[in-house]
Amino acid sequence: MPVAQFIDEQATSLQRHLHRFDFRSRWFGVGRSIICLAELTVILFTPSNALLTPVLTISNGARCDGVRAASAYCLVGGTSHAEYARWLLVTVLLLAASGFRPRWTAIPQLWAVYSIAVSISVPDGGESVSMVMSLLMLPILLTDDRTWHWQKGTKPLRPSGHAVAFAAFWALRIELAYIYLDTAISKFGVADWANGTAEYYFLRDNMFGVSAPWDSILLPLSKNSLVVVGMTWGALVVELLIAVCVLGSDRWRKAGLTLDILLHGMIILTMGLWSFGLVMIGTSVIAALPTPRAPADEARDAPEPERAGAAVPAGAA
């Protein structure tokens, strides 16, 4: 195939996908709300003095150096006024999670997530992922003129905003795929993951180990070498599959979402990590956003009588 013809075909395909793309659905709303609720669990159920506790060589309360000074904790006066910042962030995240006026709550949401990620003493991976995904969602949300993000769009998107939202959506999918791919590959360089024993030690960890009622089931099972190897390597295989599925068609993305829910659901049940698991699930819901069906596809898949009805002359029956 000539290069020029290949480029033309790819450009036509891209134009077709861009024309059909519309993020304004409940899928996007649910995913965004889950991410906001995940961050709410961090500040709502954890006292401020625990989030901002001094850590040797890492922090002395709220971190306010450099660009971190823009966080809510620093703007209200630092650690001594952390409760004011806490309830301000709760209000912002609740408003964003409600779905009200996504265009106007997009930047406050990003600021709230940024405040948590850069100021608390020991943030985990969930805070970093939430901040990155909120940043990637920003161009999408700024084109969203709905009153609630649970509603369907009633007006066509502007061409420029349409293209920007499409690019941001793909950036989000690529970033999510990279996270899972990098996570899985990096674990192969760790001895306990490579030899299949990592889950044995994780289940017995003093801080993140499995607790009741699952400990009575999983701890005895993990003493079996086949079970623990299956759990350890199985997690790596699932992460690789999610990375592949996220970049696929609608059907593959939904399969990736199912795997994501199973993976992080098990992590939540056995190890906790609620906020991290919910952030990853929420992002996967957004990534699994179905592509709207084109009119030609709907006509092709319609039942035979319905398709042929227009061609039957009046009174032919």
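Residues numbered from 1 in each chain as written. Predicted model: local features only at pLDDT ≥ 70, side-chain atom pairs only at ≥ 80, totals over all residues. Heavy atoms only, no water.

Topic: unusual backbone geometry
Heads up, the rule is: Strands here are runs of E lasting at least two residues and helices are runs of H or I lasting at least four, both read from the DSSP assignment and numbered beginning at the N terminus. Note on classification: 1.4 Å probe, protein chains only; a residue is buried when its accessible area is under 20% of the maximum for its type, exposed when over 50%, partly exposed between these limits.
Backbone geometry at R101 places phi at a positive 45°, although glycine is not the residue there. Looking at the secondary structure, you find R101 in the loop between α5 (82-98) and α6 (102-119). Taking the relative accessible area as the measure of exposure, R101 reaches 32% and is therefore partly exposed. Although it is not a glycine, L273 sits at a positive phi angle of roughly 55°. The partly exposed category is assigned to L273, whose relative accessible area is 29%.

Considerations on the pattern of salt bridges
How we decide: Salt bridge, as used here: a side-chain nitrogen of Lys or Arg that lies within 4 Å of a carboxyl oxygen of Asp or Glu.
Counting across every chain of the model gives seven salt bridges. Here K155 and D145 are joined by a salt bridge, their closest N and O atoms 3.7 Å apart. Note that K155 is positioned in the loop between α7 (125-141) and α8 (159-187) and D145 in the loop between α7 and α8, a separation of 10 residues in sequence.

With respect to the environment of L181
Note on placement: L181 falls in helix α8. With a relative accessible area of 37%, L181 lands in the partly exposed category. Taking the C-alpha atoms as reference points, L181 and E239, separated by 58 residues in sequence, lie 6.8 Å from one another.

What to know about helix α13 (residues 250-271)
The line we're drawing: Here the expected length of a helix is defined as 1.5 Å per residue gap, with one fewer gap than residues. In this description, contact between two residues means that some pair of their heavy atoms is separated by no more than 4.5 Å.
Taking 1.5 Å per residue, 22 residues should reach 32 Å; α13 reaches 31 Å between its end C-alpha atoms and fits that length. Taken residue by residue, α13 has R253, G256, L257, D260, L263, H264, I268, T270 and M271 as its buried positions. On its buried side, α13 packs onto α2 (26-44), α8, α10 (198-203), α11 (215-221), α12 (225-245) and α14 (274-287). Phi turns positive, to about 90°, at G272, one or two residues after α13.

Section: the confidence of the model for the protein
Low-confidence regions, as indicated by low pLDDT, have predicted coordinates that should not be scrutinised in detail. As a reminder, the rule being used: Residue-level confidence of the predictor, termed pLDDT, takes values from 0 up to 100.
Of all residues in the protein, 86% attain a pLDDT of 70 or more, and the chain-wide mean is 85. Confidence drops under pLDDT 50 across residues 294-301; counting only partners more than four residues distant or on other chains, this segment forms six contacts. The model gives residues 310-317 a pLDDT under 50, and that stretch makes zero contacts with residues more than four places away or in other chains.

Re the packing of α12 against α13
Note the following rule: Note on geometry: axes are C-alpha line fits, over the in-contact stretch for helices, and angles between N-to-C directions span 0 to 180 degrees. Any angle from 65 to 115 degrees is called roughly perpendicular, while one under 35 is roughly parallel, one over 145 is roughly antiparallel, and all others are oblique. By convention, the crossing between two helices is left-handed when the near helix turns anticlockwise from the far helix through less than a right angle, and right-handed when the turn is clockwise. Under the scheme applied, nonpolar residues are Ala, Val, Leu, Ile, Met, Phe, Trp, Tyr, Cys and Pro; charged residues are Asp, Glu, Lys and Arg; polar residues are all the others, including Gly.
For the pair α12 and α13, the least separation of the axes is 8 Å and the interaxial angle reads 150°. One way to sum up the angle between α12 and α13 is to call them roughly antiparallel. Considering only the axes of α12 and α13, their crossing is left-handed. The residues of α13 that touch α12, namely those facing V238, E239, L241, I242 and C245, are W252, R253, A255, G256, L259, D260 and L263. For the contact of α12 with α13, the residue count by class is eight nonpolar, one polar and three charged.

What about the packing of α5 against α6?
The contact between α5 and α6 brings their axes to 9 Å, and the two run at 135°. For the element pair α5 / α6, the angle class is oblique. Between α5 and α6 lies a crossing whose hand is left-handed. Facing L88, L89, V92, L93, L95 and A96 of α5, the residues of α6 in contact are T105, P108, Q109, W111, A112, V113, S115 and I116. Here the contact of α5 with α6 is built from residues that sort into 11 nonpolar, three polar and no charged.

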